[in-house]
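Residue-level listing of the chains:
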Amino acid sequence: MQQQANAIVQTLKSKGLRVTPQRFAVYANLLSRADHPTVEQILTDLNKDFPVSSQATIYSSLQALREAGLVREVLLEEGVSRYDAHVERHHHFCCRQCGAIEDIAWDTFQCVEFKSLRPGLRGETYEVTVQGLCDRCHEV
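Residues numbered from 1 in each chain as written. Predicted model: local features only at pLDDT ≥ 70, side-chain atom pairs only at ≥ 80, totals over all residues. Heavy atoms only, no water.

## Side note on the UniProt feature "binding site: Zn(2+)" (unreviewed entry) in the protein chain
This chain's UniProt record puts "binding site: Zn(2+)" (unreviewed entry) on Cys95, Cys98, Cys134 and Cys137. Sequence-wise these annotated residues cover 43 residues; spatially they are packed, their C-alpha atoms never more than 8.2 Å apart. When you line up the elements, cysteine 95 lands in strand β3 (residues 90-95). You can call cysteine 95 buried: its relative accessible area is 4%. In this structure, cysteine 95 is in contact with Ala100, Gly132, Leu133, Cys134 and Cys137, ignoring residues within four places of it in sequence. By secondary structure assignment, the location of cysteine 134 is in the loop between β5 (129-132) and α5 (135-138). For cysteine 134, the contacting residues outside a window of four places in its chain are Phe93, Cys95 and Cys98. (UniProt positions renumbered as here; feature names shortened; annotations may be inferred. Helix = DSSP H or I, 4+ residues; strand = E, 2+ residues; numbered from the N terminus. Buried < 20%, exposed > 50% of the residue type's maximum accessible area, 1.4 Å probe, protein only. Contact = heavy atoms within 4.5 Å.)

## Digging into the layout of surface pockets
By volume, the largest pocket amounts to about 150 Å³. Sorting the residues of the lining of the largest pocket by element identifies α1 (2-14) and α2 (21-31) as the ones contributing at least two each. Looking at the lining of the largest pocket element by element, the count peaks at 4 residues for α1. (1 Å grid on protein atoms, 1.4 Å probe; cavity = no way out; pocket = protein on both sides within 12 Å on 5 of 7 lines; lining within 4 Å. Points joined across faces, edges and corners; volume = space filled by probe spheres on them.)

## Notes on the side chain of histidine 36
Relative to the helices and strands, histidine 36 resides in the loop between α2 and α3 (39-46). A residue is classified by how much of its surface remains accessible, and histidine 36, at 1% relative accessible area, is buried. There is a polar contact of 3.1 Å between the side chain of histidine 36 and the side chain of histidine 92. In contact with histidine 36, other than residues within four places in its own chain, are Gln41, Val74, Arg82, Tyr83, Asp84, His90, His92, Ile101 and Asp103. (Polar contact = N/O pair within 3.5 Å; in protein donor to acceptor, adjacent residues only side chain to side chain.)

Given below as structure tokens:
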């Protein structure tokens with residue numbers, strides 16, 4: 001446990017971030033989960049045992065972590081920002097029934113060719129979002 005905490009502190013420092021209890025808590029929370037939480041979900045999780053964070057604090061911590069390249073914002077549904085500490089390139093699967101989100105390895109799909117875009121467009125990056133039913137909902 002202490003080793004993991006030390007690793008988080010070193011990661012934050014290596015990115016030039018001041019290590020505050022709030023940044024530490026938000027980053028540790030995101031590292032511990034795979035569900036791509038919203039700000040509200042992170043806030044609820046962090047304040048579960050003892051209310052110490054506000055929504056504004058969570059937003060500012062996420063902004064600093066995002067600018068440092070430690071967290072990415074994921075827009076999988078209209079108007080809902082989710083956050084992910086898994087910043088390596090990957091795709092997502094979203095269950096349309098239960099809302100579960102799962103990472104899909106980057107090399108699952110063939111590479112998208114940007115040369116097929118119309119002249120004047122220069123593609124730089126992409127991400128695939130697969131929508132459907134997860135195995136739990138499909139069996140019901």
